[in-house]
Amino acid sequence: MPQNLFQVSTVDSAHIVELSIPTSLDSGEFDVINEALKELVKTGPAAGWVFDLSRLTYMGSAALGMLVNIRQQVKQGGGRIALCGLSPRLLQIFQTC
């Protein structure tokens, strides 16, 4: 797992993924976190997943695309996904997209 980019905990049957993606992330680092998150979700796609975005101030299009792909992977596995901790700025970005 990429150090300091996300942490995972489990509460009851839900997996909590706390993202800590910096505003500037090179393509190599992004690929590492993207693959790590996809592999993580593969371990229990039918589970409940909560992505805590409270440590993020911005998400670029690549990170948004990553979450869309993860959502699709979870949905196909019969799981559910939720986002929490969105700042007003992040909420506006998600609403716009």
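How each quantity is defined
- Residues numbered from 1 in each chain as written.
- Predicted model: local features only at pLDDT ≥ 70, side-chain atom pairs only at ≥ 80, totals over all residues.
- Heavy atoms only, no water.
- Helix = DSSP H or I, 4+ residues; strand = E, 2+ residues; numbered from the N terminus.
- Rg over C-alpha atoms; globule rule 2.2 N^0.38 Å.
- Buried < 20%, exposed > 50% of the residue type's maximum accessible area, 1.4 Å probe, protein only.
- Contact = heavy atoms within 4.5 Å.
- Areas by Shrake-Rupley, 256 points an atom, 1.4 Å probe, with all protein chains shown as cover.
- Expected span 1.5 Å × (residues − 1).
- Pairing = 2+ DSSP bridges.
- Axes fitted to C-alpha atoms, helices over the stretch in contact; angles between N-to-C directions.
- pLDDT = per-residue confidence, 0-100.
- Core = buried A, V, L, I, M, F, W, Y, C linked by side-chain atoms within 4.5 Å.

A. Expanded view of the overall build of the protein. A count of helical and extended segments in the protein gives three helices and four strands. Reading the helices (α) and strands (β) of the protein from amino to carboxyl end gives β-β-α-β-α-β-α. For 97 residues, the compact-globule estimate of 2.2 N^0.38 gives 13 Å, and the C-alpha radius of gyration of the protein, at 13 Å, lies within 12% of that figure. Here the protein, with 97 residues, has 35% of them falling under the buried criterion. Across the protein, contacts joining residues at least 24 apart in sequence account for 71% of those joining residues at least 6 apart. Total accessible area on the protein stands at roughly 5800 Å², and carbon and sulfur atoms take up 51% of it.

B. Up close: helix 1 (residues 27–42). Counted at 1.5 Å a residue, the expected span for helix 1 with its 16 residues is 22 Å, and the 22 Å between its end C-alpha atoms agrees. Structurally, helix 1 contributes buried residues whose contacts are with strand 1 (6–11), strand 2 (14–19), strand 3 (48–52) and helix 2 (61–76).

C. Structural view of the sheet that holds strand 1. Judged by pairing direction, the sheet is mixed, and its four strands sit side by side in the order 1-2-3-4 without closing on themselves. Each edge of the open sheet carries a strand with a single partner, namely strand 1 and strand 4 (80–84). For this sheet, the mean inter-axis angle between neighbouring strands, taken without regard to orientation, is 20 degrees. Across six bridges, strand 1 lies against strand 2 in antiparallel orientation. Its bridge partner being in strand 2, Val-8 is matched across the sheet by Val-17. The strands touched by helix 1 are strand 1, strand 2 and strand 3; relative to strand 1, the strand with the most contacts, the crossing angle is about 15 degrees.

D. Structural view of the confidence of the model for the protein. Summarising the model, the protein shows a mean pLDDT of 87, and 97% of its residues fall at 70 or more. Strand 3 holds the highest mean pLDDT among the elements of the protein, 95, whereas helix 3 (residues 88–96) holds the lowest, 85.

E. Structural view of unusual backbone geometry. Despite not being glycine, Asp-12 shows a phi value in the positive range, around 55 degrees. Positionally, Asp-12 belongs in the loop between strand 1 and strand 2. Looking at Asp-12, the relative accessible area reads 77%, which means it is exposed.

F. Broad picture of the nonpolar core. Within the largest apolar cluster, 25 residues are counted, with the highest numbers of intra-cluster contacts made by Phe-6, Leu-19, Leu-37 and Phe-51. Counting residues per element, the ones that place at least two in this core are strand 2, helix 1, strand 3, helix 2 and helix 3. With sequence-adjacent residues up to four places away left out, Phe-51 is seen in contact with Val-17, Leu-19, Leu-37, Leu-67, Ile-70, Ile-81, Ala-82, Leu-83 and Cys-84.

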